[in-house]
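# Architecture at a glance
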Amino acid sequence: TTTSAVRNTFTNPIKANETLQAGESVVVRAGTYAEIINPENSGSSETERIRYVAYPGETVELTGGDDGDAVVAINFKDFISVDGFVVKQANPKGGSESFADIRIRGNWNEIENCTVVNTMSSIESFDAGIREIGIQILSGEDNVIAGNRVEGVWFGVIVHNPSLRSAIRCNT
């Protein structure tokens, strides 16, 4: 069992991005947040992860920021866990490019029990030149993508080289 500290329930994930340290968790209450998960710090080990958790039994929806980048962006951070969120990109990028709703660059990160939903129809996204990726590991080792549901995107889960020993299991 983990003895992580649980911070007060923040009114938004941005505050958690700025303040969480190794071994701490944030539990986000129900609502729709036009924000991203993009931690400034890394956890330090399996037992000292930084955890973002949707409050059990509540729907916590993240729609991203205005820049159209990933809604969950783990950029060169390690030992981050994200569990139970609904991710709906509200402002996808266009112009013949791919983007990911959840993007990982780092090691020992976990994305579990999340739902990724495309907010555009296939025809709209094709016409706009958008190739949406649900969950993408760009680089890193020992990441876990498990128990997630990805709906209506061009590519569900993509793992790029060099991404070693990542576990992709029980996603639909």
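Residues numbered from 1 in each chain as written. Predicted model: local features only at pLDDT ≥ 70, side-chain atom pairs only at ≥ 80, totals over all residues. Heavy atoms only, no water.

### So, the overall build of the protein chain
Within the protein chain, the secondary structure is distributed over 2 helices and 17 strands. Sorting the 172 residues of the protein chain into buried and exposed places 47% on the buried side. Surface accessibility of the protein chain: about 7,900 Å² in total, with carbon and sulfur atoms responsible for 49%. (Helix = DSSP H or I, 4+ residues; strand = E, 2+ residues; numbered from the N terminus. Buried < 20%, exposed > 50% of the residue type's maximum accessible area, 1.4 Å probe, protein only. Areas by Shrake-Rupley, 256 points an atom, 1.4 Å probe, with all protein chains shown as cover.)

### Details of the pattern of salt bridges
On inspection of all chains with the given rule, the structure shows 7 salt bridges. Across the salt bridge formed by Lys88 and Glu61, the nearest N and O atoms sit 3.5 Å from each other. With a gap of 27 residues between them, Lys88 in strand E8 (residues 86-88) and Glu61 in strand E5 (residues 60-62) connect regions that are remote in the sequence. Residue class for Lys88 comes out partly exposed when judged on its relative accessible area of 26%. Across the pair Arg149 and Glu151 runs a salt bridge, and its minimum N-O distance is 2.5 Å. (Salt bridge = Lys/Arg side-chain N within 4 Å of Asp/Glu carboxyl O.)

### Concerning the nonpolar core
Judged by nonpolar contacts, the single largest core of 28 residues is most densely connected at Tyr52, Val72, Val82, Phe85 and Ile111. Counting residues per element, the ones that place at least two in this core are strand E2 (24-28), strand E4 (50-54), E5, strand E6 (72-75), strand E7 (80-83), strand E9 (97-105) and strand E12 (130-141). At 3 residues, the largest contribution of residues to this core is made by E4. Beyond its immediate sequence surroundings of up to four residues, Val72 is in contact with Ile37, Leu62, Val82, Val87, Asp101, Ile102, Arg103 and Ile111. (Core = buried A, V, L, I, M, F, W, Y, C linked by side-chain atoms within 4.5 Å. Contact = heavy atoms within 4.5 Å.)

### A few points about a nonpolar patch on the surface
Together, Val157, Val159 and Ile168 make up a nonpolar patch on the protein surface, roughly 200 Å² of accessible area in all. Structurally, the position occupied by Val159 is in strand E15 (residues 155-159). (Patch = residues over 30% accessible without salt bridge, like charges linked within 9 Å, V, L, I, M, F, W, Y side chains within 5 Å.)

### Some remarks on unusual backbone geometry
In the Ramachandran plot, Phe76 falls in the positive-phi region, its phi being about 60° despite a non-glycine side chain. Assignment of secondary structure puts Phe76 in the loop between E6 and E7. The class of Phe76 is exposed, set by a relative accessible area of 60%. Of note in this structure, Phe79 is not a glycine but carries a positive phi near 55°. With respect to the secondary-structure elements, Phe79 resides in the loop between E6 and E7.

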